[in-house]
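Take a look at the letters that make up each chain.
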Amino acid sequence: MSVPRDIRQRSEALRKTLEHHNWRYYVEDQPEIDDAEYDRLFQELLALEAKHPELATPDSPTQRVGGAPLPEFAEVRHRTPMLSIANAFDEEAVRAFDRRVREALEVDAVEYAAEPKFDGLAISLTYRDGLLSEGATRGDGTTGEDVTPNLRTLRSIPLRLPKAADTRELEVRGEVLMYRRDFDALNARQRELGEKEYVNPRNAAAGAVRQLDSRVTATRPLRFFAYAISRASQARWSRQSEALARLVELGFRVSEERELVQGAEGLLAYYRKMGQARDRLPYAIDGVVYKVDRLDWQERLGFVARAPRFALAHKYPAEEQTTEVLGIDVQVGRTGALTPVARLKPVFVGGATVTNATLHNEDELRRKDVWIGDTVIVRRAGDVIPEVVGVKSKGPRRPPDRFAMPEKCPVCASPVVRVPGEAATRCTGGLYCKAQRKQTLLHFAARRAMDIEGLGEKLVDQLVERDLVKSPADLYRLDVETLAGLERMAEKSAQNVFESIQRSRKGELERFIYALGIPGVGEEVAKILARHFGSLTAFLEADWARAAADKEAARKDHAQRKKRGEPLRPVPLEGIGPELMDSMEKFLHERHNRDVIRRLADAIDVMQAGARPAADGKTFVLTGSLSSMTRDEAQAALEAKGHQVAGSVSKRTDFVVAGEDAGSKLDKARSLGVTVLDEKKFLELLRKT
Ligand code: IVH
């Protein structure tokens, strides 16, 4: 049965009108009609669609109410990774940033696109043929959660772009946030209902976006601010400012505070101006973001580690408050460091209520001379751990009126030591100490380490307290029954945790090295080590004294060659200093650690990381998106084979790998006569080398 024409037309008109009012209200912040009028139109459309279900198109405003709850979120791999930005806290760092940019580009002056740094949740939206097809959280930057049904409920997110968009696929990046006034109203309601209040607008927004029940998300006053079009979808814009203007045309909310500024002085003036405007904005910001405006320059600048060289976040100083010290506790961390922590009279600071604040270590504590009963200044910025800045006024001091580090570990009673020249006092208990063991296990299971999903704090607490797990190696001896016997563990969750442990039996060398938790060995260092040694055996049997000497020799050779203008050879273990080598040597030779690593190596199939950087390693540049792998994966695959991946094309580039929607790098490659590989050829080359 076909729908009568007049009804079809009426429903179309209603959809248009309602989306227009959504846009006026949530994007423009200037409603034209009142809520009652909006409701009347909405009900009319609902009634029409109920009668003629074929009228309920996926982009109808009635589809913004949410649907049945999901059992869990699906994972989505970002086609272009969602990176983080380097932070700056002072003017000098901003000047240094501008200097680096100018030097790298070899230009005298740079124009920057500046805008607020929204304190919300990063989101990526994908439009296919003009329709919203996918919305994802940032996750770890490579993989996020598919929260499409939730994001569809945000009225500031267009479900359909006004005309066929510029490319068949458009990926928009931005931030979901909650206005401060909406947050206050939400908390007032929570209070009335006797429900838990939210800590701050960011947490409330993040919680709402990560709701499994999108009908709940629909009731939350969330807004979306767009700040970028993903590199893979860049088409007709040659500047960040143009991309933002285009986003406005497409119906997105973009910060009205955005500005184009010139050079370091322009950046600093913008920072000061926004610092003053900050309290007048309806939403929270924790800094401003600067991006090189020209996109071809962005490409040329490229990336270091996980952050672009063309962008900088300039943060505002953390908020400070005063409160009283109720006690001083000592916590034991993963590497055994004893941290004095002040127990505080609850105080609201930096957007959250704080009850504990770190005092870092014994020296810091003595320098600040903090004691129970004192009134202290506490500081907190965003997700950062709150800290005690200093004493505002001393309380009445009674003996003992000073803090002394315990001589025994407060958790396991092992002796504590303080290594001369080191600030930390450490528990010597190692994995015998339950505090160290818990943190070690959590680190081992972390997403960026062995990625054991479901092995969270509560579970680890029980496993350690019941002595079921004495080291990470014991995880691989757990069975489903044991797990199911724990508190708050349903059969299904026990099964899930068991399966994620089994899944982690196959792991990349770099993740495994990182997971070991060797002091000083973070992700980047683990990557360098994996690439250098190639196999777990080679890493474990490394002769560190020799490695240090070899490195020194290579460095001298490098310097000589540079002076003589000869071709350079890469220095092995670049970025790993003698102290770190020393720390690894100690860790890896400690008998108990060796034992745990040996047992882990039996349980886990640690994948080889490819050979050491091959002498014939080539320089690659990746552009556009590949269908068989993400950019990160392509980079990892190349690096594993001893090749290098650079951010921009130059005469020194050997190959450019061009995926779909390849951008200006491809043009550059052609103009320089650099060999271009399509995906098929690239995969062939990977197989062969
Ligand atoms: S740009 C290549 N602009 O900061 C740089 N990020 O990005 C890509 N953030 O959690 C990001 N406001 O969600 C950019 N105006 C803004 C931003 C912004 C907030 C957040 C972003 C991410 C972090 C790093």
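A few points on the structure. Fair warning: this is a prediction, and the values are worked out from it, not measured in the lab. (Residues numbered from 1 in each chain as written. Predicted model: local features only at pLDDT ≥ 70, side-chain atom pairs only at ≥ 80, totals over all residues. Heavy atoms only, no water.)

## Brief notes about the overall build of the protein chain
Consideration 1: Scanning the protein chain for helices and strands turns up 24 helices and 26 strands.
Consideration 2: The C-alpha atoms of the protein chain give a radius of gyration of 28 Å, which matches the 26 Å a tight globule of 689 residues would have.
Consideration 3: Based on the C-alpha atoms only, the size of the protein chain along its principal axes is roughly 85 × 70 × 60 Å.
Consideration 4: Expressed as a percentage of the 689 residues in the protein chain, the buried residues total 47%.
Consideration 5: Considering only contacts within the protein chain whose residues lie at least 6 apart along the sequence, 68% involve residues at least 24 apart.
Consideration 6: Carbon and sulfur atoms provide 50% of the accessible area of the protein chain, an area that totals close to 34,400 Å².
Consideration 7: Taking the average location of the 110 positive side-chain charges in the protein chain and that of its 107 negative ones, the two points are 2 Å from each other. (Helix = DSSP H or I, 4+ residues; strand = E, 2+ residues; numbered from the N terminus. Rg over C-alpha atoms; globule rule 2.2 N^0.38 Å. Buried < 20%, exposed > 50% of the residue type's maximum accessible area, 1.4 Å probe, protein only. Contact = heavy atoms within 4.5 Å. Areas by Shrake-Rupley, 256 points an atom, 1.4 Å probe, with all protein chains shown as cover. Lys, Arg positive; Asp, Glu negative; His and termini not counted. Charge placed at Lys NZ, Arg CZ, Asp CG, Glu CD.)

## Overview of the environment of Thr219
Consideration 1: Within the element layout of this structure, Thr219 appears in the loop between α7 (214-218) and β8 (222-229).
Consideration 2: Judged by its relative accessible area of 46%, Thr219 is partly exposed.
Consideration 3: Between the alpha carbons of Thr219 and Glu422 there is a distance of 52 Å; along the sequence they are 203 residues apart.
Consideration 4: Here the side chain of Thr219 touches Val216 through a polar contact of 2.6 Å, landing on its backbone oxygen.
Consideration 5: In terms of polar contacts, Thr219 uses its side chain to reach the side chain of Arg220, at 3.4 Å. (Polar contact = N/O pair within 3.5 Å; in protein donor to acceptor, adjacent residues only side chain to side chain.)

## What about the packing of helix α20 (residues 578-589) against helix α21 (residues 591-603)?
When two helices pack together, their arrangement is captured by the angle between the axes and the distance separating the axes.
Consideration 1: Direction vectors running N to C along α20 and α21 enclose 75°, while the axes themselves pass 5 Å from each other. When the axis of α20 is compared with that of α21, the two are roughly perpendicular. Where α20 approaches α21, its residues Phe587, Leu588 and His589 are matched on the opposing element by Arg591, Asn593, Arg594 and Ile597. (Axes fitted to C-alpha atoms, helices over the stretch in contact; angles between N-to-C directions. Parallel < 35°, antiparallel > 145°, perpendicular 65-115°, else oblique.)

## Focus on the side chain of Gln190
Consideration 1: Within the secondary structure layout, Gln190 lies in helix α5 (residues 180-192).
Consideration 2: For Gln190, a relative accessible area of 9% gives the class buried.
Consideration 3: With residues up to four places along the chain from it excluded, the contact list for Gln190 reads Glu195, Lys196, Glu197 and Tyr198.

## Things to note about the sheet that holds strand β7 (residues 169-178)
Consideration 1: What the 4 strands build is an open sheet, ordered β5-β4-β7-β8; its pairing is antiparallel. Whereas interior strands pair on both sides, the edge strands pair on one side only; in this sheet they are β5 (131-137) and β8. Each strand of the sheet is rotated relative to its neighbour by a mean of 35°, with strand direction disregarded.
Consideration 2: As paired strands, strand β4 (residues 121-128) and β7 are joined by 8 bridges and run antiparallel to one another. Note that in β7 the partner of Leu125 across the bridge is Val172.
Consideration 3: In this fold helix α6 (residues 201-209) packs onto β4, β5, β7 and β8, with an angle of close to 130° to the strand it touches most, β7. (Pairing = 2+ DSSP bridges.)

## As for empty space enclosed by the protein
Consideration 1: With the rule as written, the count across this model stands at 2 cavities of 30 Å³ or more.
Consideration 2: Considering only enclosed or pocket space, the second largest cavity measures out at about 40 Å³ in volume.
Consideration 3: What lines the second largest cavity is Leu365, Arg366, Asp369, Val370, Asp401, Arg402 and Phe403.
Consideration 4: Among the residues making up the lining of the second largest cavity, the classes are represented as 3 nonpolar, no polar and 4 charged. (1 Å grid on protein atoms, 1.4 Å probe; cavity = no way out; pocket = protein on both sides within 12 Å on 5 of 7 lines; lining within 4 Å. Points joined across faces, edges and corners; volume = space filled by probe spheres on them. Nonpolar A, V, L, I, M, F, W, Y, C, P; charged D, E, K, R; others polar.)

## Brief notes about helix α8 (residues 240-249)
Consideration 1: Within the sequence span of α8, burial applies to Gln240, Ala243, Leu244, Arg246 and Leu247. Angular distribution of buried residues about the axis of α8 spans 160°; they occupy a single face of the element.
Consideration 2: Buried positions along α8 lie against β3 (111-118), β7, β8, β10 (285-292) and α10 (295-301).
Consideration 3: Gly251 sits one or two residues past α8 and shows a positive phi near 100°. (Arc of directions from axis to C-beta.)

## A closer look at the pairing of strand β14 (residues 319-332)
Consideration 1: The pairing of β14 with strand β17 (residues 375-380) spans 6 bridges and is classified as antiparallel. Considered in β17, the bridge of Glu319 is made with Arg380.

## Section: the packing of aromatic side chains
Consideration 1: Considering all chains together, one arrives at 16 aromatic pairs under this definition.
Consideration 2: Taken together, a centroid distance of 6.2 Å and an interplanar angle of 65° make the contact between Phe224 and Phe252 edge-to-face. Of the two residues, Phe224 sits in strand β8 while Phe252 sits in the loop between α8 and β9 (259-262), which places them 28 residues apart along the sequence. The same class applies to Phe224 and to Phe252, which are both buried. (Phe/Tyr/Trp six-rings, centres within 6.5 Å; stacked < 30°, edge-to-face > 60°.)

## Points about the site of the ligand
Consideration 1: Around the ligand lies a shell of 13 residues, among which Pro116, Phe118, Ala122, Glu175 and Tyr227 are the nearest.
Consideration 2: Interatomic distance of 3.1 Å between a side-chain N/O atom of Lys117 and an oxygen atom of the ligand.
Consideration 3: Between the ligand and the protein, one listed contact pairs an oxygen atom with a side-chain N or O atom of Tyr227 at 2.9 Å.
Consideration 4: Expressed as a share of its isolated accessible area of 510 Å², the protein-covered part of the ligand is 86%.
Consideration 5: Elements represented by at least two residues in the shell around the ligand include exactly β3 and β10.
Consideration 6: Broken down by element, the residue count for the shell around the ligand peaks at 4 residues, all from β3.
Consideration 7: Considering only residue class, the shell around the ligand consists of 8 nonpolar, 1 polar and 4 charged. (Near = heavy atom within 4 Å.)

Any link to function would need more than the numbers given here.
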